[in-house]
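One letter stands for each residue in the lines below.
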Amino acid sequence: MQSKIPVTVLSGYLGSGKTTILNHVLNNRQGLKVAVIVNDMSEINIDANLIGKEANLSRTEERLVELSNGCICCTLREDLLKEVERLAKENRYDYILIESTGISEPIPVAQTFTYSDEENGIDLPSLCRLDTMVTVVDAHRFWHDFSSGESLLDRKQALGEEDTRDVVSLLIDQIEFCDVLILNKCDMISAEEADRLEAVLRKLQPKAKFIRAAHGQVDPKEILHTERFDFEEASQSAGWIKELQTEHTPETDEYGITSFVYRRRRPFHPERLNDWLYQWPEEVVRAKGMLWLATRNELAVQFSQAGPSIQMGAEGYWIAAMPEEEQREVLAEYPEIQATWDELYGDRMTELVIIGIDLNRSEIEAQLDALLLTDEEMELDWSRFPDPLPQEHIVEQEMA
């Protein structure tokens, strides 16, 4: 039986240098027979043209496949499935290299290789092995893109009018789900700037291997046959998840980067929270977690912030809001929840990870504490409090 073909996927925002890295790897692949899939959003696939001219792929032994005018994480996912299946069944290749479009999210692409697609009758996990998920970051433009406040629609890079994703949210998605993170174009910033940026990225993504590069010069051994990828591990690799799971005394590193978890057993007053969100502290780079809102006592509210982008949405019902029989079933299945169960409010609590540069923890905690219900307000009818926060079950809101 033929062994599964290993696959490496290159992700990274537009202009980060994925194609340059891919070209360098292909020109230094030491005899590997490689099939390359390039996913570019333009109708004329510029990236594929560059690779075709510069990498000198052997037409008899290797293949360059272009998937254009769509994104393999969504609109072209079926095309990707079929193309990878066809390449794998040809039994001609040692390796498959995929360059995702700059607006592609890595998790849906990884799922394509992790789970069978019953709808299309394609079982990629039986044919391929996802070896490495690589994210490429443009060291020169990262902070510009991170703090721009622009959406993909603003930059005319969206999949369509319904694609309202923020640039910074896409950057975070790509950084928080990877095995290898390449900090490219380091020659365009100072060593100190590179050190500081890497320190921030390591806080956002503590598990990935970090590689600094200039002009896309990366040793192929760093991204081929690494056997680093594990879907469950990659799904839990974000820095905010580690922070929630690890009890420790926060330490500030030499670049002033630190993090802490804000936990409180008292709900937020929605009007005061809404007002404060418009004064979000600039030193906070990333925040994520669950909020307890007084006026939405049944629902846990997911909160996610990156740069100027803030998103909120209903995550689901608190266990304490479920019928008693369902509560018993959940608590029996997850007994660890009982360790933090409150007799009056159950599992309701705010648990928010905050990561930033030069954070004043005591000041931020004091500001957040002032948004909680007072002792007097705790005795009132919470449903009568003003609630200017978006009312949709799943919402996205930009805070100026």
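In this text, all values refer to a predicted model and were calculated from it rather than measured experimentally.

## Quick look at the side chain of R155
Reasoning step 1: Turning to its location among the elements, R155 is positioned in the loop between α5 (142–146) and α6 (167–176).
Reasoning step 2: For R155, the side chain forms a polar contact with the side chain of S148, separated by 3.4 Å.
Reasoning step 3: Once you skip the residues sitting within four places of it in the chain, R155 turns out to touch Y13, R141, H144, D145, S148, E150 and V167.

## Examining the environment of P388
Reasoning step 1: Secondary-structure assignment places P388 in the loop between α13 (375–378) and β13 (394–398).
Reasoning step 2: Residues P388 and P270 lie 118 residues apart in sequence; the distance between their C-alpha atoms is 7.0 Å.
Reasoning step 3: The residues contacting P388, other than those within four sequence positions of it, are P270, E271 and N274.

## Some remarks on the packing of aromatic side chains
Remark: the centre distance and the inter-plane angle together describe each pair of aromatic rings, the angle taken between the planes.
Reasoning step 1: Taken as a whole, this structure holds 13 aromatic pairs when the rule is applied.
Reasoning step 2: Centre to centre, the rings of Y262 and F268 are 6.5 Å apart; their planes meet at 20°, and the pair counts as stacked.
Reasoning step 3: Take Y262: its relative accessible area is 0%, and that puts it in the buried class.
Reasoning step 4: Among the residues examined, F268 registers a relative accessible area of 1% and is labelled buried.
Reasoning step 5: Aromatic ring contacts, followed pair by pair, group Y115, F177, F229 and F231 into a single cluster.

## Describing the pairing of strand β8 (residues 257–264)
Reasoning step 1: Most of β8 is tucked away: six of the eight residues are buried.
Reasoning step 2: In the sheet, β8 pairs with strand β12 (residues 350–357) via eight bridges, with the strands oriented antiparallel. Along β12, the bridge assignment pairs R264 with T350.

## Quick look at the nonpolar core
Reasoning step 1: Core analysis: the largest hydrophobic core is formed by 37 residues, its most contacted members being V137, F142, I175, L181, L183, L201 and L204.
Reasoning step 2: Listing elements by their share of this core, those giving two or more residues are α5, α6, β6 (180–184), α7 (191–204), α9 (239–245), β8 and β12.
Reasoning step 3: Setting aside anything within four residues of it in sequence, one finds L204 in contact with I172, I175, E176, S237, A238, G239, R286 and I355.

## Quick notes on the confidence of the model for the protein
Reasoning step 1: Here the protein averages 84 in pLDDT, while 86% of its residues score no lower than 70.
Reasoning step 2: The least confident element of the protein, judged by mean pLDDT, is β13 at 38; the most confident is β6 at 97.
Reasoning step 3: Low pLDDT (under 50) marks residues 56–60, which in the prediction has ten contacts with non-local residues, meaning those over four places away or in another chain.
Reasoning step 4: Confidence drops under a pLDDT of 50 for residues 393–400, and excluding neighbours within four residues, the segment shows 26 contacts in the predicted structure.

## Some points on the pattern of salt bridges
Side-chain pairs of opposite charge can arise where the charged atoms are in close proximity.
Reasoning step 1: Tallied over the full model, the rule gives 24 salt bridges.
Reasoning step 2: Note that R86 is salt-bridged to E83, the shortest N-O span being 2.0 Å. With a gap of three residues between them, R86 and E83 both fall in helix α3 (residues 77–89), about one helical turn apart.
Reasoning step 3: The residue E351 makes a salt bridge to R263 at a minimum N-O spacing of 2.7 Å. Taken together, the residues span a long stretch of sequence, with E351 in strand β12 and R263 in strand β8 at a distance of 88 residues.
Reasoning step 4: According to the relative accessible area criterion, E351 is partly exposed, its value standing at 24%.
Reasoning step 5: Residue class for R263 comes out partly exposed when judged on its relative accessible area of 26%.

## Some details on the side chain of R165
Reasoning step 1: Residue position: R165 is located in the loop between α5 and α6.
Reasoning step 2: Since its relative accessible area comes to 16%, R165 is described here as buried.
Reasoning step 3: In contact with R165, other than residues within four places in its own chain, are I103, E105, S151, L152, L159 and L170.

## A look at the pairing of strand β10 (residues 299–306)
Reasoning step 1: Of all the eight residues making up β10, seven are buried; the element is thus mostly covered by neighbouring parts of the structure.
Reasoning step 2: As defined by bridge partners, strand β9 (residues 284–291) adjoins β10 across six bridges and the pair is classed as antiparallel. Bridging from a neighbouring strand, R286 pairs with A306 of β10.
Reasoning step 3: For β10 and strand β11 (residues 309–317), the ladder comprises eight bridges, and the chain directions are antiparallel. Its bridge partner being in β11, L299 is matched across the sheet by Y317.
Reasoning step 4: Taking the residues that link successive antiparallel strands as the turn, the β10-β11 hairpin has two residues, and the phi of G307 there is positive, at about 60°.

## Concerning the layout of surface pockets
Reasoning step 1: Space inside the largest pocket adds up to approximately 860 Å³.
Reasoning step 2: The wall of the largest pocket is formed by 22 residues, among which M290, W318, I337, D347 and E351 lie closest to the centre.
Reasoning step 3: Contributions of two or more residues to the lining of the largest pocket are made by α9, β9, β10 and β11.
Reasoning step 4: Here the residues of the lining of the largest pocket are counted per class, giving ten nonpolar, five polar and seven charged.
Reasoning step 5: Along its surface, the second largest pocket is lined by 34 residues, and D173, K288, Q302, S304 and Q311 are the ones closest to its centre.
Reasoning step 6: Secondary-structure elements contributing two or more residues to the lining of the second largest pocket are α4 (106–114), α6, α8 (231–235), α9, β9, β10, β11 and β13.
Reasoning step 7: For the lining of the second largest pocket, the element with the most residues is β11, which contributes six residues.

## Quick notes on helix α10 (residues 270–277)
Reasoning step 1: Considered for burial, the residues of α10 that qualify are P270, L273, N274, W276 and L277. On an axial view of α10, the arc spanned by its buried residues comes to 165°, and they lie on one face.

## Quick notes on a negative patch on the surface
Reasoning step 1: A surface patch of negative charge is lined by E325, E326, E329 and E333.
Reasoning step 2: When you line up the elements, E325 lands in helix α11 (residues 324–333).
Reasoning step 3: Its relative accessible area of 54% is what places E325 among the exposed residues.

Criteria and cut-off values
- Residues numbered from 1 in each chain as written.
- Predicted model: local features only at pLDDT ≥ 70, side-chain atom pairs only at ≥ 80, totals over all residues.
- Heavy atoms only, no water.
- Helix = DSSP H or I, 4+ residues; strand = E, 2+ residues; numbered from the N terminus.
- Polar contact = N/O pair within 3.5 Å; in protein donor to acceptor, adjacent residues only side chain to side chain.
- Contact = heavy atoms within 4.5 Å.
- Phe/Tyr/Trp six-rings, centres within 6.5 Å; stacked < 30°, edge-to-face > 60°.
- Buried < 20%, exposed > 50% of the residue type's maximum accessible area, 1.4 Å probe, protein only.
- Pairing = 2+ DSSP bridges.
- Core = buried A, V, L, I, M, F, W, Y, C linked by side-chain atoms within 4.5 Å.
- pLDDT = per-residue confidence, 0-100.
- Salt bridge = Lys/Arg side-chain N within 4 Å of Asp/Glu carboxyl O.
- 1 Å grid on protein atoms, 1.4 Å probe; cavity = no way out; pocket = protein on both sides within 12 Å on 5 of 7 lines; lining within 4 Å.
- Points joined across faces, edges and corners; volume = space filled by probe spheres on them.
- Nonpolar A, V, L, I, M, F, W, Y, C, P; charged D, E, K, R; others polar.
- Arc of directions from axis to C-beta.
- Patch = residues over 30% accessible without salt bridge, like charges linked within 9 Å, V, L, I, M, F, W, Y side chains within 5 Å.
- Areas by Shrake-Rupley, 256 points an atom, 1.4 Å probe, with all protein chains shown as cover.
- Lys, Arg positive; Asp, Glu negative; His and termini not counted.
- Charge placed at Lys NZ, Arg CZ, Asp CG, Glu CD.

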